[in-house]
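Below are the chains, spelled out letter by letter.
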Amino acid sequence: MQQRQLLTDLSFDELGAWLTGLGQPAFRAKQLFSWLYGSLVADWGAMTNLPADLRERLSQTALLTSLALLERVTSADGLTTKDLLELRDGETIESVLMRYEGRQSVCLSSQVGCAVGCPFCATGQSGLVRNLTSGEIVDQVLHFARQLHGEGAAITNVVFMGMGEPLANYDPVWKAIRTLNDPRSLRLGARRFTVSTVGIVPGIRRMMQEGLEVGLAVSLHAPTDDLRSQLVPVNKTYPLAELISVCREYAEQTHRRVTFEYALIQGVNDSPQLARQLGQLLHGMLCHVNLIPVNPTSANSYRPASRDTVLLFRQELNQHGIANTVRLGRGLDIQAGCGQLRSRHLSR
């Protein structure tokens, strides 16, 4: 039996070609896009301007979503929601909705699992299962967009900081971004997207050629090659000199500051000396450092740096003129760090 077509896997033009192949006029693509992304419906019966026989045919040949909600956990303050979502093949991914004053961000997964293997990351300990399709990525956004729509709110920002390495699944990730950026879709501006990477240098170079002002975030976590290779194994392939060089190019070409994520781990990468080395490494670059006390997980013994240590680290960066912020932990009470809910589900 032929697998049904996931509509969110198709760009607007591809949807038109697919419908033409079914003997339908091209204008049906505009109608379907409007129902999917404008009205956010997930029910064929709601598409009242489509003929009943077409709706019946589409229900047999196409899918409106690839996801089913398995489990939801919400933080005590109600601001962070993490969902465990089941895909068509039974695999699972996590997506997170984070509410801030004046904006709602969704954190997306780009792969089932991850091949990078960072020792402090729950996802990295599970290995890579497979890449997500562009539609499976888009569906995560629509999943929360429907929820927010019912609350009279809308998604304002999309970050690729969930399970997986986005630049190791480059084409589907960028197809999803272009679909969501399409003025006939959710109309999310390019600056509303941030792609986070462990430092896949060829992928960053490709990003510079896309012509979209998408934000770049780099999981840095150490200012020396020896230490970073322990924490981010891909550093052995793309060492710091090469990574920092391409980040400087990205900032100069796009005129957008590069964000560096730095997970502060007690007794590992949180010393004032390492802060000084980080300041020297990033000196003169248009950038910002997010200091994140590491999320503790049951899979390792890493613990977050103390408050006093974080303040000393910040002082060193300030002395080097490096803009920085201590990113407050979101959803710690629900283990919102990527991979933790999925790991718990698999262990059960």
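Above this text you will find the structure in question.
All of these numbers come straight from a predicted model, not from anything done at the bench.

Draft legend 1. Geometry of the pattern of salt bridges. Taken as a whole, this structure holds 14 salt bridges when the rule is applied. A salt bridge links Asp182 to Arg184; the shortest N-O distance between them is 3.0 Å. Its salt-bridge partner being Arg276, residue Glu316 comes within 3.1 Å of it at the nearest N-O pair. Remark: Arg276 occurs in helix 9 (residues 272–282) and Glu316 occurs in helix 10 (residues 307–319); sequence separation between them is 40 residues. Taken together, the shared-partner salt bridges in this structure form one network comprising Arg88, Asp89, Arg130 and Glu136.

Draft legend 2. View of the sheet that holds strand 10 (residues 193–197). Pairing is mixed across the open sheet formed by 10 strands, whose spatial order is 3-4-5-6-9-10-11-12-13-14. On the outer flanks of this sheet lie strand 3 (68–74) and strand 14 (324–326), each paired with one strand and no other. The sheet shows a mean angle of 20° between the axes of neighbouring strands, direction not considered. Summarising the sheet, strand 11 (residues 215–219) and strand 12 (residues 258–264) pair through three bridges and their orientation is parallel. Residue pairing for strand 12: Ala217 is matched across the bridge by Thr259. Strand contacts of helix 5 (residues 170–181): strand 9 (157–160) and strand 10, with the helix running at about 170° to strand 10, the strand carrying the most contacts. Sheet strands in contact with helix 10 are strand 12, strand 13 (287–293) and strand 14, and its direction is about 170° off that of strand 14.

Draft legend 3. How the structure looks around the nonpolar core. Counting residues in each nonpolar core, the largest one holds 103 residues, and the members touching the most others are Leu7 and Phe260. Filtering out sequence-adjacent residues up to four positions away, Phe260 remains in contact with Val218, Leu220, Ile244, Cys247, Leu282, Met285, Cys287, His288, Val289 and Asn290.

Draft legend 4. Region of interest: the packing of aromatic side chains. Throughout the structure, instances matching the rule amount to four aromatic pairs. Measuring from ring centre to ring centre gives 5.9 Å for Tyr170 and Trp174, while their planes differ by 25°; the resulting arrangement is stacked. Of the two residues, Tyr170 and Trp174 both sit in helix 5, four residues apart, roughly one turn of that helix. In terms of burial, Tyr170 and Trp174 fall into one category: buried. Taking the ring centre of Tyr100 as reference, the NZ or CZ of Arg103 above it sits at 4.1 Å.

Draft legend 5. Representation of the packing of helix 6 (residues 201–208) against helix 8 (residues 240–254) within the structure. Their axes nearest at 10 Å, the elements helix 6 and helix 8 cross at an angle of 10°. One finds that helix 6 runs roughly parallel with respect to helix 8. Residues Val201, Ile204, Arg205, Met207 and Met208 of helix 6 form the contact with helix 8, whose participating residues are Glu242, Leu243, Val246, Glu249, Tyr250 and Gln253.

Draft legend 6. Spotlight on the environment of Val326. Residue position: Val326 is located in strand 14. For the pair Val326 and Val218, spaced 108 residues apart in the sequence, the C-alpha separation amounts to 16 Å. Ignoring any residue separated from it by four or fewer positions in sequence, one finds Val326 in contact with Leu291, Pro293, Val310 and Arg314.

Draft legend 7. Structural detail: helix 2 (residues 27–38). If you check helix 2, its first and last C-alpha atoms are 16 Å apart, about what 12 residues at 1.5 Å a residue would give, namely 16 Å. Phi turns positive, to about 60°, at Leu40, one or two residues after helix 2.

Draft legend 8. Looking closely at the pairing of strand 6 (residues 103–107). Of all five residues that make up strand 6, four are buried, and the element is covered over most of its length. Taking the residues that link successive antiparallel strands as the turn, the strand 5 (residues 92–100)-strand 6 hairpin has two residues, and the phi of Gly102 there is positive, at about 85°. Note that strand 6 and strand 9 share three bridges and pair parallel. The residue bridging Ser105 from the neighbouring strand is Asn157, located in strand 9.

Draft legend 9. Local environment of the pairing of strand 4 (residues 80–86). Across the seven residues that make up strand 4, a large majority, six, are buried. Strand direction decides the pairing type here: strand 3 and strand 4, joined by six bridges, are antiparallel. Paired with Arg72 across the two strands is Asp83, which belongs to strand 4. Taking the residues between adjacent antiparallel strands as the criterion, strand 3 and strand 4 are bridged by five residues, where Gly78 takes a positive phi near 75°. Across seven bridges, the pairing between strand 4 and strand 5 is antiparallel. Bridged to Asp83 within strand 5 is Ser95. In this antiparallel pair of consecutive strands, strand 4 and strand 5, the connection spans five residues, and Gly90 shows a positive phi of 90°.

Draft legend 10. Representation of the side chain of Asn269 within the structure. Turning to its location among the elements, Asn269 is positioned in the loop between strand 12 and helix 9. Residue classification places Asn269 among the buried positions, given a relative accessible area of 0%. Side-chain polar atoms of Asn269 contact the backbone oxygen of His221, separated by 2.7 Å. From its side chain, Asn269 meets the backbone nitrogen of Ile265 in a polar contact 2.7 Å long. For Asn269, the contacting residues outside a window of four places in its chain are His221, Leu227, Leu231, Tyr262, Ala263, Leu264, Leu274 and Phe313.

Draft legend 11. Molecular detail of helix 6. Those residues of helix 6 that sit buried are Val201, Gly203, Ile204, Met207 and Met208. When helix 6 is viewed along its axis, its buried side chains cluster within an angular range of 160° and face the same direction. Those residues of helix 6 that are buried lie in contact with helix 5, strand 10, strand 11 and helix 8.

Cut-offs applied
Residues numbered from 1 in each chain as written. Predicted model: local features only at pLDDT ≥ 70, side-chain atom pairs only at ≥ 80, totals over all residues. Heavy atoms only, no water. Salt bridge = Lys/Arg side-chain N within 4 Å of Asp/Glu carboxyl O. Helix = DSSP H or I, 4+ residues; strand = E, 2+ residues; numbered from the N terminus. Pairing = 2+ DSSP bridges. Axes fitted to C-alpha atoms, helices over the stretch in contact; angles between N-to-C directions. Contact = heavy atoms within 4.5 Å. Core = buried A, V, L, I, M, F, W, Y, C linked by side-chain atoms within 4.5 Å. Buried < 20%, exposed > 50% of the residue type's maximum accessible area, 1.4 Å probe, protein only. Phe/Tyr/Trp six-rings, centres within 6.5 Å; stacked < 30°, edge-to-face > 60°. Lys NZ or Arg CZ within 6 Å of the ring centre and 35° of its normal. Parallel < 35°, antiparallel > 145°, perpendicular 65-115°, else oblique. Expected span 1.5 Å × (residues − 1). Polar contact = N/O pair within 3.5 Å; in protein donor to acceptor, adjacent residues only side chain to side chain. Arc of directions from axis to C-beta.

Purely spatial values, then, with no claim about function.
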